[in-house]
Amino acid sequence: MGISSDLREDGIRVLTMDYPPVNALPVQGWFDLAAALDEAGRDQHTHVVVLRAEGKGFNAGVDIKEMQHTEGFDALIGANKGCFAAFKAVYECSVPVIAAVNGFCVGGGVGLVGNADVVVASDDAYFGVPEVKQGALGAATHMARLVPQHLMRTLYFTARTIKAADLVQHGSVYEVVPRDRLDDAALALAADIAEKDTRVIRAAKEALNGIDPIDVNKSYRFEQGFTMELNLAGVSDELRDDFAGTDKAGGGR
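In what follows, the accompanying structure is described. (Residues numbered from 1 in each chain as written. Predicted model: local features only at pLDDT ≥ 70, side-chain atom pairs only at ≥ 80, totals over all residues. Heavy atoms only, no water.)

## As for the nonpolar core
This is how it is decided: Buried Ala, Val, Leu, Ile, Met, Phe, Trp, Tyr and Cys residues form a nonpolar core when they are joined through side-chain atoms within 4.5 Å. Any residue under 20% of the maximum accessible area for its type is buried, any over 50% is exposed, and the rest in between are partly exposed; the area is computed with a 1.4 Å probe on protein chains only. Only DSSP runs of H or I covering at least 4 residues are called helices, and only runs of E covering at least 2 are called strands; the numbering of each starts at the N terminus. Note on definitions: a residue-residue contact is assigned when non-hydrogen atoms from the two residues lie within 4.5 Å.
Among the nonpolar cores identified, the biggest contains 47 residues, and Phe 58, Val 101, Leu 112, Val 113, Phe 127 and Met 143 are the most heavily contacted of them. Sort the elements by how many residues they give to this core and helix α1 (residues 27-42) lands first, with six residues. Ignoring anything within four residues of it in the chain, the contact list for Val 101 reads Phe 58, Val 113, Val 119, Val 120, Ala 121, Ser 122, Ala 125, Phe 127 and Leu 182. Counting 17 residues, the second-largest nonpolar core is a separate cluster that includes Val 48, Val 50, Ile 193 and Ile 201.

Printed below as a string of C-alpha cells:
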C-alpha cells in the first residue's frame, strides 16, 4: 500500500498509487507521490513516467475522513500543500508523464491527470470535480485542460462527471481501451516516447511548459485561497461532516 516506483530496462518508470479502498490519498500520500515524481525526473535513466493506480479507481481525491478526524486545520493545510506539490510535480516532471486512468478520477485525481502530458483511459473511466459538495474549491484549473470552458463550468457547478470516451473528442484523452488492456496501452505509448533521445524529450517537455498560456501552479493556488475562506467560515466542515458522518462542525449534526 502506498506509492511504488518501478524503473524498467527500457527507461519507462511506472508509478503506482495503491490506497485501498478508493485511492483517496492521505496527506502524506500526496507528498510521497510528489517526491516519487521529482525523483523520477532527476534520474537520467527515466525517459518517461506512467502514472497508474491499483484498485477500483484511479484516484478519489483527498482523504476526507482523515481531515474530519484531525483537530484544527492541520490536515486541511496539509492536504492543500500536498495536492499542490503533487500536481506541480506531475507538471514539472522533467520527462513526459502518461496518466493511465481506470474507473473513477475525481477531485485531486483530476489535478493529477489535468497536469499530465498524455492521458489514456479504460472504458469504465470517468472524471469529475465534486468539490462544491464538500465545501471546497480546486482542480478547475486542471479540468479546464481536459474540456472547454463552458463544459468545465457546467461540470464544476453541478458536480457531474464525464466519461473518458466523451473526452476523446476534445483531444484530452488520447485513447480509451478495455480495462484489461489499459496497462498495455499506456506502456506501448510510453515505449514510443522512451525510444527517443531523452535529452531531446526533456528539452521538449521544458519548452512545451514554457509556452503554456496558463500558469497552472499559480492558477491552482488562487483556487485554494477560496477553499481556505470557506473553511474559516465553517461551511466546509458542515458539508464534510455530512459526507464523513462526523461532527467536527459541532452543534450535534
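## A closer look at the sheet that holds strand β2 (residues 12-18)
Put simply, the rule reads: Two strands are counted as paired when DSSP detects at least two bridges linking them. Axis geometry follows a simple rule: fit a line to the C-alpha atoms, using only the stretch in contact for helices, then measure angles between N-to-C directions, giving values from 0 to 180 degrees.
Overall, mixed pairing links the six strands, which are arranged β1-β2-β3-β4-β6-β9 in an open sheet. Whereas interior strands pair on both sides, the edge strands pair on one side only; in this sheet they are β1 (2-7) and β9 (175-177). Geometrically, the sheet is characterised by an average inter-axis angle of 20° between neighbouring strands, direction not taken into account. Where β2 lies against strand β3 (residues 48-53), six bridges are found, and the strand directions are parallel. For Leu 15, the partnering residue across the bridge sits in β3 and is Leu 51.

## Considerations on helix α8 (residues 182-194)
Put simply, the test is: Expected helix span is computed as 1.5 Å times (number of residues minus one).
With 13 residues, α8 should cover 18 Å at 1.5 Å per step; its first-to-last C-alpha distance of 18 Å lies within 8% of that length. Within the span of α8, buried status applies to Leu 182, Ala 185, Ala 186, Leu 189, Ala 190, Ile 193 and Ala 194. The inward-facing, buried residues of α8 contact β2, β3, β4 (97-101), β6 (118-122), β9 and α9 (198-210).

## Comments concerning the environment of Leu 15
Within the secondary structure layout, Leu 15 lies in strand β2. C-alpha separation for the pair Leu 15 and Leu 232, spaced 217 residues apart in sequence, amounts to 35 Å. Beyond its immediate stretch of four places on either side in the chain, Leu 15 contacts Ser 4, Ser 5, Ala 36, Leu 37, Val 49, Val 50, Leu 51 and Arg 52.

## Let's talk about the packing of aromatic side chains
How we decide: To pair, rings of Phe, Tyr and Trp, with the six-membered ring standing in for Trp, must have centres within 6.5 Å; the planes then decide the type, stacked if under 30 degrees apart, edge-to-face if over 60, and tilted in the middle. A ring is considered to have a charge above it if a Lys NZ or an Arg CZ atom is located within 6 Å of its centre and within 35 degrees of its normal.
Enumeration over the complete set of coordinates arrives at four aromatic pairs. Taking the centre distance of 6.5 Å and the plane angle of 10° together, the rings of Phe 84 and Tyr 220 count as stacked. Here Phe 84 is found in helix α3 (residues 74-92), whereas its partner Tyr 220 is found in helix α10 (residues 216-232), with 136 residues between them in sequence. Owing to a relative accessible area of 7%, Tyr 220 belongs among the buried residues under this scheme. Three or more aromatic residues joined by ring pairs form one cluster here, namely Trp 30, Phe 84, Phe 87 and Tyr 220. Over the ring of Phe 84 we find Arg 221; its NZ or CZ atom is 5.4 Å from the centre of that ring.

## Here we look at the pattern of salt bridges
Two side chains bearing opposite charge may form a pair once their charged atoms approach each other closely. Definition in use: One speaks of a salt bridge when a side-chain nitrogen belonging to Lys or Arg is within 4 Å of a carboxyl oxygen belonging to Asp or Glu.
Throughout the structure, instances matching the rule amount to 11 salt bridges. Here Asp 197 ties to Arg 199 by a salt bridge, and the two come within 2.7 Å at their closest N and O atoms. Classification of Arg 199 as exposed rests on a relative accessible area of 64%. Taken together, the shared-partner salt bridges connect Arg 52, Glu 54 and Asp 183 into one network.

## Describing the side chain of Gln 68
Tracing the chain through its elements places Gln 68 in helix α2 (residues 64-68). Sequence-distant contacts of Gln 68, that is, excluding residues within four places in its chain, are made with Asp 237, Arg 240, Asp 241, Ala 244, Thr 246 and Lys 248.

## Brief notes about the sheet that holds strand β7 (residues 126-128)
The pairing of strands in a sheet happens through backbone hydrogen bonds and is either parallel or antiparallel. Pairing is mixed in the open sheet, where three strands are placed in the order β5-β7-β8. Unpaired on one side and paired on the other, β5 (104-106) and β8 (161-163) mark the two borders of the sheet. For this sheet, the mean angle separating the axes of adjacent strands, direction not counted, is 20°. Of the strand pairs in this sheet, β5 and β7 are connected by three bridges, and their pairing is parallel. If you follow Val 106 over to β7, its bridge partner there is Gly 128.

## Topic: α10
Basically, it comes down to this: Here the arc refers to the set of directions running from the helix axis out to each C-beta atom. The definition of a polar contact used here is a pair of N or O atoms within 3.5 Å, where within protein one atom must be able to donate a hydrogen and the other to accept one, and adjacent residues in sequence count solely through side-chain atom pairs.
For α10, built from 17 residues, the straight-helix expectation of 24 Å at 1.5 Å per residue is met to within 8% by its first-to-last C-alpha distance of 25 Å. Those residues of α10 that fall on the buried side of the exposure criterion are Val 216, Asn 217, Tyr 220, Glu 223, Gln 224, Thr 227 and Asn 231. Buried residues in α10, looked at end-on, bunch into an arc of 125°, giving them a common side. Every exposed residue of α10 that faces more than 90 degrees away from the buried side is listed here: Lys 218, Phe 222, Glu 229 and Leu 232. Its buried side turned inward, α10 meets α3, α5 (140-143), α6 (149-158) and α11 (235-244). Here α10 starts with a cap whose side-chain oxygen sits 3.2 Å from the backbone nitrogen of Asn 217, and that cap is Asp 215. A positive phi of about 85° marks Gly 234, the residue just after α10.

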